[in-house]
Amino acid sequence: MPHRRAHVLRRGPAAVRSRNLLAPVVLGLLAAGGLAFLAMSRDWGGTTVRTAGLPPDDVTVTGTTALPLASALALVVLTSGLAVLAAGPRLRRAIGVLVVVVSIGALVVLATGQGALDAAVRDAVEQSPAFAGRRATQGASLGGWAVAAGACFVVALALGVVTTRFGGTWSTMSRRYENPATRPDDPDDLWKALDEGRDPTA
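The residue count restarts for each chain, going from 1 along the sequence in the order it is written. Selection of residues for local features in this predicted model requires a pLDDT of at least 70, selection of side-chain atom pairs for listing and counting requires 80 or more, and totals for whole chains, interfaces and linings are taken over all residues. Think of the side-chain values as coming from all heavy atoms in the structure, minus any hydrogens and water.

**Some thoughts on the nonpolar core**
Residues grouped as a nonpolar core are buried Ala, Val, Leu, Ile, Met, Phe, Trp, Tyr and Cys residues, joined through side-chain atoms within 4.5 Å. Here the term buried applies to any residue with accessible area under 20% of the maximum for its type, exposed to any over 50%, and partly exposed to those in between, with areas from a 1.4 Å probe on protein chains only. If you look at the biggest cluster of nonpolar residues, it comprises 38 residues, and the most contacted ones within it are W44, L67, L110 and F153. Per the convention used, a helix needs a DSSP run of H or I reaching at least four residues, while a strand needs a run of E reaching at least two, with both numbered from the N terminus. Elements that contribute at least two residues to this core include exactly α2 (22-40), β1 (43-49), β2 (57-62), α4 (68-86), α5 (89-111), α6 (114-126) and α7 (144-166). By residue number, the principal contributor to this core is α2, which donates 8 residues. Any two residues whose heavy atoms approach within 4.5 Å at even a single point are treated as in contact. Not counting chain neighbours up to four residues away, the residues in contact with L110 comprise M40, W44, L67, A70, L142, A146, A149, G150 and F153.

**Here's the deal with the packing of α5 against α7**
Following both chains from N to C, one finds α5 and α7 inclined at 155°, their axes separated by 8 Å at the closest point. On the basis of their axis angle, the class for α5 and α7 is roughly antiparallel. Remark: the crossing between α5 and α7 carries left-handed chirality. Taking contact as the criterion, the partners of R92, R93, G96, V97, V99, V100, S103, I104, A106, L107 and L110 in α5 are, on α7, A146, A149, G150, F153, V154, A156, L157, G160, V161, T163 and T164. Basically, the charged four are Asp, Glu, Lys and Arg, the nonpolar ten are Ala, Val, Leu, Ile, Met, Phe, Trp, Tyr, Cys and Pro, and anything else, Gly included, counts as polar. Looking at the contact of α5 with α7 residue by residue, the classes come out as 14 nonpolar, 6 polar and 2 charged. Throughout, an axis means a line fitted to C-alpha atoms (over the contacting stretch in the case of helices), and angles, computed between N-to-C directions, take values from 0 to 180 degrees. The labels follow the angle: roughly parallel below 35 degrees, roughly antiparallel above 145, roughly perpendicular from 65 to 115, and oblique for the rest. If you view the pair so one helix is near and one far, a crossing is left-handed when the near helix is turned anticlockwise from the far one by less than a right angle, and right-handed when it is turned clockwise.

**Some words on α4**
To estimate how far a helix should extend, the number of its residues minus one is multiplied by 1.5 Å. Between its terminal C-alpha atoms α4 stretches 28 Å, which fits the 27 Å expected from 19 residues at 1.5 Å a residue. Inspection of α4 places A70, S71, L73, A74, V77, S80, G81 and V84 among the buried residues, and these make up the whole buried set.

**Focus: the side chain of R92**
By the secondary structure assignment, R92 is in helix α5. Residue classification places R92 among the buried residues on the basis of a relative accessible area of 0%. At 2.6 Å, the side chain of R92 forms a polar contact with the backbone oxygen of V84. Separated by 3.0 Å, the side chain of R92 and the backbone oxygen of W170 make a polar contact. Every residue in contact with R92, bar those within four places of it in the chain, is listed here: L22, V84, L85, A87, T163, G167, W170, S171 and T172. Polar contacts, as used here, are pairs of N or O atoms within 3.5 Å; protein pairs need one atom able to donate a hydrogen and one able to accept it. Residues neighboring in sequence count only if both atoms are side-chain atoms.

Now the structure itself:
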């Protein structure tokens, strides 16, 4: 048993630190996905349509209208936070990979979304009651809200990497509520007992 205890002491601190990442990762994914979706729902571009004899009409387009795929990917990130909390070790790693892929995809969509924004503004102008014939219209650049959405996806990307790397070491909900007397020996549990001053061999 001394050899096993030395093994636990050697790897224990890293295991404890990685297990403490569960709550921050779950909350981070929920926040990143929710804030990205909120940023997508804001006005990203627009123009004012003026026609003689009619009042001017301010036309705006949201990020969701211009880039619906990015909004859908934000919801995937949001739901991934809940999935990480409920999933087992192997599934958590798969969810981490999914979050990484989704975040990279969303960043690509945002980086190439100027044309889609301009097209969405033109479509909105043509549907305006003040529109009186075709004419050029200028959409706003991908600015503040696009940057905010991009930052959220960068955070989600980092959290996905952390989940892929450490998700297998985090405790699961079913294990958390399992009868302690029926749990198999786990080096992490032995370290926790030693850290609390208890003898894990008793």
